[in-house]
Amino acid sequence: MSDLDEMIRLAKAARENAHAPYSGFRVGACLRSGDGRLFAGCNVENVSYPEGQCAETSALGALVTAGAFEVTEVVVLAEGERLCTPCGGCRQRLAEFATSETPVHIAGPEGLRRSFTLGELLPEAFFFERGRA
Ligand code: THU
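A short tour of the structure in this document, coming up. (Residues numbered from 1 in each chain as written. Predicted model: local features only at pLDDT ≥ 70, side-chain atom pairs only at ≥ 80, totals over all residues. Heavy atoms only, no water.)

Re the overall build of the protein
Along its length, the protein carries 4 helices and 5 strands. Written out in order from the N terminus, the α and β elements of the protein read α-β-β-α-β-α-β-β-α. For the C-alpha atoms alone, the extent of the protein along its principal axes is close to 40 × 40 × 30 Å. Expressed as a percentage of the 133 residues in the protein, the buried residues total 40%. (Helix = DSSP H or I, 4+ residues; strand = E, 2+ residues; numbered from the N terminus. Buried < 20%, exposed > 50% of the residue type's maximum accessible area, 1.4 Å probe, protein only.)

Considering the side chain of E45
Note that E45 resides in the loop between β2 (38-42) and α2 (55-65). In this structure E45 is buried but unpaired, with R26 as the nearest side chain of opposite charge at 8.9 Å. Within the local environment of E45, its side chain forms a polar contact with the backbone nitrogen of Y22, the two atoms lying 3.1 Å apart. Not counting residues within four places of it along the chain, the set of residues in contact with E45 comprises H19, A20, P21, Y22, S23, F25 and G52. (Lys, Arg positive; Asp, Glu negative; His and termini not counted. Salt bridge = Lys/Arg side-chain N within 4 Å of Asp/Glu carboxyl O. Polar contact = N/O pair within 3.5 Å; in protein donor to acceptor, adjacent residues only side chain to side chain. Contact = heavy atoms within 4.5 Å.)

Let's talk about unusual backbone geometry
Residue E124 is not a glycine yet carries a positive backbone phi of 55°. Note that E124 resides in the segment after α4 (118-121).

Structural notes on the site of the ligand
Neighbouring the ligand are the residues S23, F25, V27, N43, E45, C54, A55, E56, C84, T85, P86 and C87. Contact between the ligand and A55: an oxygen atom at 2.8 Å from a main-chain N or O atom of the residue. Here T85 contributes a backbone N or O atom positioned 3.4 Å from an oxygen atom of the ligand. Considering the ligand on its own, with 370 Å² of exposed area, one finds that the protein chains cover 77% of that surface. Residues of the shell around the ligand, tallied by class, amount to 7 nonpolar, 3 polar and 2 charged. (Near = heavy atom within 4 Å. Areas by Shrake-Rupley, 256 points an atom, 1.4 Å probe, with all protein chains shown as cover. Nonpolar A, V, L, I, M, F, W, Y, C, P; charged D, E, K, R; others polar.)

A word on the nonpolar core
In summary, soluble globular proteins display a tendency toward joint burial of nonpolar side chains. Counting residues in hydrophobic clusters, the biggest one holds 24 residues, and the most contacted among them are L31, V71 and V74. V71 has contacts with L31, R32, L60, L63, F97, A98 and T102, leaving out every residue within four places of it along the chain. Counting residues in hydrophobic clusters, the runner-up holds 8 residues, among them L4, I8, L77 and A107. (Core = buried A, V, L, I, M, F, W, Y, C linked by side-chain atoms within 4.5 Å.)

A closer look at the environment of C87
For C87, the location among the structural elements is in the loop between β3 (71-78) and α3 (88-95). As for C87 and T99, which are separated by 12 residues in sequence, their C-alpha atoms are 17 Å apart. Setting aside chain neighbours within four positions, we find C87 in contact with C54 and E56.

Here it is, written out as structure tokens:
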């Protein structure tokens, strides 16, 4: 099984645990860190709607919590006809740990649908140099 297949498998499994009673839209994500580890996440909604978080954000929290820093590959998986590309906020959050060349793969339950780079999804991203806290 290729690394991408494994990432898709993990995103799909994470999606099964999504807490999405308000939208009914379940999403899974998987991130590969610079040291090769894989981190999955699902969307976690809240009765106070703006307090929910996306699958990408959950996965990013797991990656950073585990001591990883770079994000070198991203998978986002959901059902439905439309590609489930990351929302604007998640594009910015991913950009904190990735580069404009980082692949972002969009998948459905059947497998890979389309691949982008983060730079295609978030051109001219805001950034400024600062020390790591
Ligand atoms: N959502 C994600 O988890 N990731 C995306 O890339 C797009 C949207 C979630 C947020 C919310 O829980 C639900 O999908 C419907 O917007």
